[in-house]
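One-letter residues, chain by chain:
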Amino acid sequence: MNGIQQTSLPLATGVTLNVALAGDPANPPVILLHGFPESHRTWRHQIPALAERYFVIAPDQRGYANSSKPDGVEAYAADKIAADVFALADALVVDRFTLVGHDWGGAIAWMAALREPKRVARLAIVNAPHPQVFQRKLFDDPGQRRASQYIRFFRETELDRAPDKTGLEQFLLSLFGEHLQVTVPREEQAIYLEQWSQPGALTAMLNWYRATQIVVPAMDEDPPRPSWIDGPFPLQPQPTLVIWGMRDRGLLPCLLDGLETLIPDYRIVQIRDAGHFAPWEKPEEVTSALLEWLAARPAQ
């Protein structure tokens, strides 16, 4: 990715993140958060285009690729990961910024934007469910409950205890095979395997799932219903763009239901022929949606 500088930044939260930087630091800052099981390369097609107008900051989040991989499930609690976002901005002397997240990066972005509205000026989400909608659908929608059983597997698997190259390759093929309408390019497969093969990497990545408080009932289970999913939920304070690959097999389109009641300033862009990994399955559509929305909703 030409024009991109990678640097290691020690943060006040105690981790060091590998961060891809692109664009003029004098331009409005945009932080891009990747999800599982990737790295900042989730955004490899978007970074150059965004960098023409914005200062782009794309970290490998804690536990991933070339960033710190602290021990223990508790190190991957969502509030600690969200704190990394603001510590990263502090390290780069950035006050207000636009936050963009995909998958787990989107989950962190929802939380961070709600907690620090004075710092997150705009929010863009790609195939990452709003927390209240997600938890409600896991109880009420059999299709989404079924599609989310992989979370239970990720929490319980021992694949990470003694991973080998063959096991990792099988994991990669089965994981992407569940979610994709396209083939992972061979060169990207090699990058994934190199990143996942680092000591502690697979455990750290899976610990994001082990640390989450989201309740994923088994198909035949009827656990107590969390009270917070039916009561009032804070409205999202930022202008918010939601981009959704409608062929996502793990996060179904039902997760868009009711978002307009939770986000006063809301726009949805549906990409009909994209699956879960929309930023690189349909890069032009995702890039265009981001650029058009950012231009139409300048940061205040």
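Residues numbered from 1 in each chain as written. Predicted model: local features only at pLDDT ≥ 70, side-chain atom pairs only at ≥ 80, totals over all residues. Heavy atoms only, no water.

**Q** Go over the packing of aromatic side chains with me, naming the residues and quoting the values.
**A** One pass over the full model with this rule turns up 13 aromatic pairs. Taking the centre distance of 5.5 Å and the plane angle of 75° together, the rings of Tyr150 and Phe154 count as edge-to-face. In this pair, Tyr150 and Phe154 both sit in helix 6 (residues 149-156), four residues apart, roughly one turn of the helix. Its relative accessible area of 21% is what places Tyr150 among the partly exposed residues. Between Trp228 and Phe233 the ring centres are 6.2 Å apart and the planes differ by 40°, which places this aromatic pair in the tilted class. Taken together, the ring pairs in this structure connect Phe36, Tyr64, Trp104, Tyr150, Phe153, Phe154, Trp208 and Tyr209 into an aromatic cluster. (Phe/Tyr/Trp six-rings, centres within 6.5 Å; stacked < 30°, edge-to-face > 60°. Helix = DSSP H or I, 4+ residues; strand = E, 2+ residues; numbered from the N terminus. Buried < 20%, exposed > 50% of the residue type's maximum accessible area, 1.4 Å probe, protein only.)

**Q** Can you explain the sheet that holds strand 7 (residues 240-245)? Please cite residues and give values.
**A** The sheet built from eight strands is open, its strands ordered 1-2-4-3-5-6-7-8 with mixed pairing. With partners counted over all chains shown, the strands left at the sheet margins are strand 1 (5-10) and strand 8 (266-271), one partner each. The mean angle between the axes of side-by-side strands here comes to 20°, regardless of whether they run parallel or antiparallel. Alignment of strand 3 (residues 29-33) against strand 5 (residues 97-102), held across four bridges, turns out to be parallel. Bridge pairing in strand 5 places Ile31 opposite Leu99. (Pairing = 2+ DSSP bridges. Axes fitted to C-alpha atoms, helices over the stretch in contact; angles between N-to-C directions.)

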